[in-house]
Amino acid sequence: MATDYDAPRNKDEDQSNESLEALQSQRGGGAKTAIIDVEDSDTAEGIDLPGADLSGEELVVQVVPPREDEFTCSSCFLVRHRSQVAREKNGELYCRDCEG
């Protein structure tokens, strides 16, 4: 069935709408407030914004050298197991995902 969107609206529909206050009183009194659990890490101080000056920060990361059975893919730079080597070209190793 086609609907004519240019036709004037029915006045009966507009009169059936009640006021906002009447609808709220029918629903049980008032608006319910949502409770949000906020942790210390959720505050603005715990969030690093893009472009923030981190020159005063010191990173402590332990770098582990690659094992004998691992390699770093020359395309995606992920450390993979030797069984994932798909191709070696000019001394560079490529994993199966990048060569797939």
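What you are looking at is a predicted structure, and each value in this text was computed from that prediction instead of being measured.

Asks: Which residues make up the side chain of arginine 80, and what values do they have?
Replies: As for its position among the elements, arginine 80 is in strand 2 (residues 79-81). A polar atom in the side chain of arginine 80 sits 2.9 Å from the side chain of aspartate 97. Non-local contacts of arginine 80, meaning those with residues more than four positions away in its chain, are made with Asp69, Glu70, Phe71, Cys95 and Asp97.

Asks: So what's going on with the packing of aromatic side chains? Residues and values would help.
Replies: Counted under the stated rule, the structure contains zero aromatic pairs. A cation over a ring is seen here: arginine 87 above tyrosine 94, with NZ or CZ 4.5 Å from the ring centre.

Asks: Give me the lowdown on the pattern of salt bridges, citing residues and values where you can.
Replies: In the structure shown here, the tally under the stated rule is two salt bridges. Here arginine 80 ties to aspartate 97 by a salt bridge, and the two come within 2.9 Å at their closest N and O atoms. Taken together, the positions of arginine 80 in strand 2 and aspartate 97 in helix 3 (residues 96-99) put the pair 17 residues apart, joining distant regions of the chain. The salt bridge involving arginine 87 is made with glutamate 99; its shortest N-O contact spans 3.0 Å. Of this pair, arginine 87 sits in strand 3 (residues 85-89) while glutamate 99 sits in helix 3, placing them twelve residues apart in sequence. On the accessibility criterion, glutamate 99 (33% relative accessible area) is partly exposed.

The rules behind each value
- Residues numbered from 1 in each chain as written.
- Predicted model: local features only at pLDDT ≥ 70, side-chain atom pairs only at ≥ 80, totals over all residues.
- Heavy atoms only, no water.
- Helix = DSSP H or I, 4+ residues; strand = E, 2+ residues; numbered from the N terminus.
- Polar contact = N/O pair within 3.5 Å; in protein donor to acceptor, adjacent residues only side chain to side chain.
- Contact = heavy atoms within 4.5 Å.
- Phe/Tyr/Trp six-rings, centres within 6.5 Å; stacked < 30°, edge-to-face > 60°.
- Lys NZ or Arg CZ within 6 Å of the ring centre and 35° of its normal.
- Salt bridge = Lys/Arg side-chain N within 4 Å of Asp/Glu carboxyl O.
- Buried < 20%, exposed > 50% of the residue type's maximum accessible area, 1.4 Å probe, protein only.

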